[in-house]
Amino acid sequence: MKYLEISGGRPLFGEIQIQGSKNAALPILVSCILSEGTCRIENCPEIKDVEDTLQIMRELGCGVRRLGRTVYVDASCISRWEIRATEASRIRSSVLFLGALLGRTGKAVLPMPGGCAIGSRPVDLHQKALKQLGAVFLNQEQLQAECREIRGGRIRLPFPSVGATENCLLACVLAKGESRIENPAREPEIDELCSFLNCRGARISRRRDGSLRIQGVSRLEPGVWQIQADRIVAGTYLLAAACTGGSLCVHGCPEESLRAAAGVLRRMGAQVWNQEKRWAVAVKERLQGVPYVETRPYPDFPTDLQSPLMAAFSVASGRSRIRETIFENRFSTAWELRKMGAQIQVDGNLACIDGVRRLKGARLQAPDLRGGAALVLAGLQADGITRIERTEYIERGYEDICRDLGSVGARIRVVQDTGG
Ligand code: UD1
């Protein structure tokens, strides 16, 4: 078994170049199947979710080659439109192949993405939207859909779901006629996907009211793209430095992408600066809690930073409250933090955190990807040794959390327990 071992109590100082964004890379890679020829995707993070996505693409018949962080995808020959449960069940974002396969081949068969640790995560919005574009779903047990042609249309999402917006975009770019997605997600990763599609010949524009207008085109060219830095990884590291009382500069994220997280850090008493794509944080005194923070779709505070924020609140002075409005089960981290002495009460989607002066090292299990990262933050500021098991969750989104945090002074290492 593999686990992370952290020897806490050291402030972080230095600079980190942030890896490419997971949530941008996944839909961009999936979109490569919309055209023949080879796409080149640079700064593609070396994480488990990307590897699983590439494996699905190989199974569909794509030629896939990775040279470091550059990935080449040749989707000239798509020989299948059916995705096996083994790969798809590992990553939720496999559902994006639905829109892309319908766009490219008119057919798609995928296993129903299961629930996951952070919530039930249904796909009803994806299905409803694709039906409005002409897709017919043939099966209740799996996502089996067909369409003779995708017809442009008006889709109004009742909630700005990131995945449903991406699925609609992937289906609409090659549709006949014009489509309009109202109330789409506004996450920067959506705009990055649109920009990549546009540079390949798509005609997508975002209107003033936020809605997306897509004029269908008959074909897309292959393209070259460089993935933006991961704002969630950057936010995690800024919070980590803040709660250890250090100072850190992270490189790569544009100003607006971290504004909400920076706002909360400032309310906690941290000094935060931004210049172009550099963000810096410095903390000299104990952090203060914040009476109320709510997770909301972009541009508000992201659900993906909720668990790391909870770890930071655990040692901040006073009482903090977090309301999780996106994923219903995203408080599992609280139970692990309590093993370290954190004072957290959970009532439905509200967590109430009374900051303690110190946490103590403990043996923990990562409950999910961001929850795992939150436990790393907690371990960095705790007295003694923290051991975090189930590190495979963390590897789904962080290229090498030991390398990154180790380079700025954290004592963190991977231990291979051979059981002997
Ligand atoms: C994406 C991100 C994830 C982030 C989330 C919210 C990727 C690969 N993942 O996930 O990191 O935490 O956005 O910012 O980009 N919902 C439905 N029916 C649907 C679709 C969604 O009820 O058909 C609900 C979900 O259960 C959830 C909420 O809508 O409660 C948000 O989900 P969504 O925005 O779709 O998140 P994902 O695309 O799964």
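The structure this text deals with has already been given above.
Residues numbered from 1 in each chain as written. Predicted model: local features only at pLDDT ≥ 70, side-chain atom pairs only at ≥ 80, totals over all residues. Heavy atoms only, no water.

Engineer: Just to check I follow, could you spell out the overall build of the chain for this structure?
Structural biologist: Along the backbone of the chain there are 14 helices and 23 strands. What you see for the chain is a C-alpha radius of gyration of 21 Å, in line with the 22 Å of a compact globule of 420 residues. Considered along the principal axes of its C-alpha atoms, the chain spans approximately 65 × 50 × 40 Å. Counting all 420 residues of the chain, 57% fall into the buried class. (Helix = DSSP H or I, 4+ residues; strand = E, 2+ residues; numbered from the N terminus. Rg over C-alpha atoms; globule rule 2.2 N^0.38 Å. Buried < 20%, exposed > 50% of the residue type's maximum accessible area, 1.4 Å probe, protein only.)

Engineer: Just to check I follow, could you spell out the sheet that holds strand β6 (residues 107-111) for this structure?
Structural biologist: Read from one edge to the other, the open sheet built from three strands follows the order β6-β8-β7, with strand pairing classed as antiparallel. Unpaired on one side and paired on the other, β6 and β7 (136-137) mark the two borders of the sheet. For β6 and strand β8 (residues 142-146), the ladder comprises five bridges, and the chain directions are antiparallel. Bridge assignment links Lys107 to a residue of β8, and that residue is Glu146. Across the sheet, helix α4 (residues 96-105) lies against β6, β7 and β8, angled at about 160° from β6, the strand it touches most. (Pairing = 2+ DSSP bridges. Contact = heavy atoms within 4.5 Å. Axes fitted to C-alpha atoms, helices over the stretch in contact; angles between N-to-C directions.)

Engineer: Sorry, what's going on with the packing of aromatic side chains here?
Structural biologist: Aromatic ring pairs are defined here through the distance separating the ring centres and the angle between the ring planes. Across all of its chains, the model carries two aromatic pairs by this definition. With a centroid separation of 5.9 Å and 55° between ring planes, the pair formed by Phe196 and Trp225 is classed as tilted. Taken together, the residues Phe196 in helix α7 (residues 188-199) and Trp225 in strand β13 (residues 224-226) connect sequence positions 29 residues apart. On the basis of relative accessibility, which here comes to 19%, the residue Trp225 falls in the buried class. (Phe/Tyr/Trp six-rings, centres within 6.5 Å; stacked < 30°, edge-to-face > 60°.)

Engineer: It is not clear to me how the site of the ligand should be interpreted in this structure. Could you clarify?
Structural biologist: Contacts to the ligand come from 18 residues, most closely from Asp124, Leu125, Ser161, Asp304 and Ile326. In the environment of the ligand, an oxygen atom lies 2.8 Å from a nitrogen or oxygen atom belonging to the backbone of Gly163. Considering the ligand on its own, with 740 Å² of exposed area, one finds that the protein chains cover 86% of that surface. Those elements giving two or more residues to the shell around the ligand turn out to be α5 (124-132) and α6 (162-172). Among the elements that line the shell around the ligand, the one with the most residues is α5, at three residues. In terms of residue class, the shell around the ligand is built from seven nonpolar, five polar and six charged. (Near = heavy atom within 4 Å. Polar contact = N/O pair within 3.5 Å; in protein donor to acceptor, adjacent residues only side chain to side chain. Areas by Shrake-Rupley, 256 points an atom, 1.4 Å probe, with all protein chains shown as cover. Nonpolar A, V, L, I, M, F, W, Y, C, P; charged D, E, K, R; others polar.)

Engineer: What should I look at first to understand helix α1 (residues 22-31) in this one?
Structural biologist: Working note: α-helix, 3.6 residues per turn, so residues spaced by three or four point in the same direction. Within α1, nine of the 10 residues are buried, leaving the element largely enclosed by the surrounding structure. Every buried residue of α1 is listed here: Lys22, Ala24, Ala25, Leu26, Pro27, Ile28, Leu29, Val30 and Ser31. The N-capping residue of α1, defined by a side-chain oxygen 3.3 Å from the backbone nitrogen of Asn23, is Ser21.

Engineer: Mind showing me how you'd approach the nonpolar core here?
Structural biologist: If you look at soluble globular proteins, the nonpolar side chains tend to sit buried side by side. Counting residues in hydrophobic clusters, the biggest one holds 75 residues, and the most contacted among them are Tyr237, Val376, Ile401 and Leu405. For this core, the leading source of residues is helix α8 (residues 231-243), giving 10 residues. Setting aside anything within four residues of it in sequence, one finds Ile401 in contact with Leu4, Tyr237, Val376, Ile394, Gly406 and Ile412. Of all hydrophobic cores here, the second largest spans 72 residues; its members include Leu26, Leu60, Val71 and Ile190. (Core = buried A, V, L, I, M, F, W, Y, C linked by side-chain atoms within 4.5 Å.)

Engineer: Is there a simple way to think about the pattern of salt bridges in this case?
Structural biologist: Pairing of side chains with opposite charge becomes possible as their charged atoms draw close. As enumerated under the stated definition, the model contains 31 salt bridges in all. Put simply, Glu399 and Arg69 hold a salt bridge, and the shortest N to O gap is 2.8 Å. On the criterion of sequence distance, the pair formed by Glu399 in the loop between α13 (392-395) and α14 (401-406) and Arg69 in the loop between β4 (63-67) and β5 (70-74) is long-range, its members being 330 residues apart. A relative accessible area of 13% places Glu399 in the buried class. Using a relative accessible area of 34% as the deciding quantity, one classes Arg69 as partly exposed. (Salt bridge = Lys/Arg side-chain N within 4 Å of Asp/Glu carboxyl O.)

Engineer: Even after reading the chapter, I still don't get the environment of Glu82, so can you show me in this structure?
Structural biologist: With respect to the helices and strands, the residue Glu82 is situated in the loop between β5 and α3 (85-88). Through-space distance from the C-alpha of Glu82 to that of Phe97 is 9.7 Å; in sequence the pair is 15 residues apart. When residues no more than four places from it in sequence are discounted, the contact partners of Glu82 are Leu60 and Val109.

Engineer: It is not clear to me how the pairing of strand β20 (residues 350-354) should be interpreted in this structure. Could you clarify?
Structural biologist: Looking down a regular strand, the side chains alternate between one sheet face and the other. The element β20 is extensively covered by neighbouring structure, given that four of its five residues are classed as buried. The pairing of strand β18 (residues 319-323) with β20 spans five bridges and is antiparallel. Bridged to Ile322 within β20 is Ala351. Where strand β19 (residues 343-347) and β20 come together, five bridges link them in antiparallel fashion. Bridge pairing in β20 places Val346 opposite Ala351. Connecting the antiparallel pair β19 and β20 is a turn made up of two residues, with Gly348 showing a positive phi of about 60°.

Engineer: What is the right way to look at the side chain of Gln381 in this model?
Structural biologist: The topology assignment puts Gln381 in helix α12 (residues 369-381). Residue classification places Gln381 among the buried residues on the basis of a relative accessible area of 5%. Polar contacts involving the side chain of Gln381 include one to the main-chain carbonyl oxygen of Ala311, which spans 3.4 Å.

Engineer: Honestly, unusual backbone geometry in this entry has me stumped. Any pointers?
Structural biologist: The phi torsion of most residues other than glycine is negative, and most of the peptide bonds are trans. Looking along the chain, the bond that leaves Tyr298 and enters Pro299 is cis, with omega of 15°. Looking at where Pro299 falls in the secondary structure, it is placed in the loop between β17 (293-294) and α10 (306-313). In this model, Asn43 sits at a positive phi of 55°, which is unusual for a non-glycine residue. Secondary-structure assignment places Asn43 in the loop between β3 (38-42) and α2 (48-60). Of note in this structure, Asn183 is not a glycine but carries a positive phi near 55°. In this structure, Asn183 sits in the loop between β10 (178-182) and α7.

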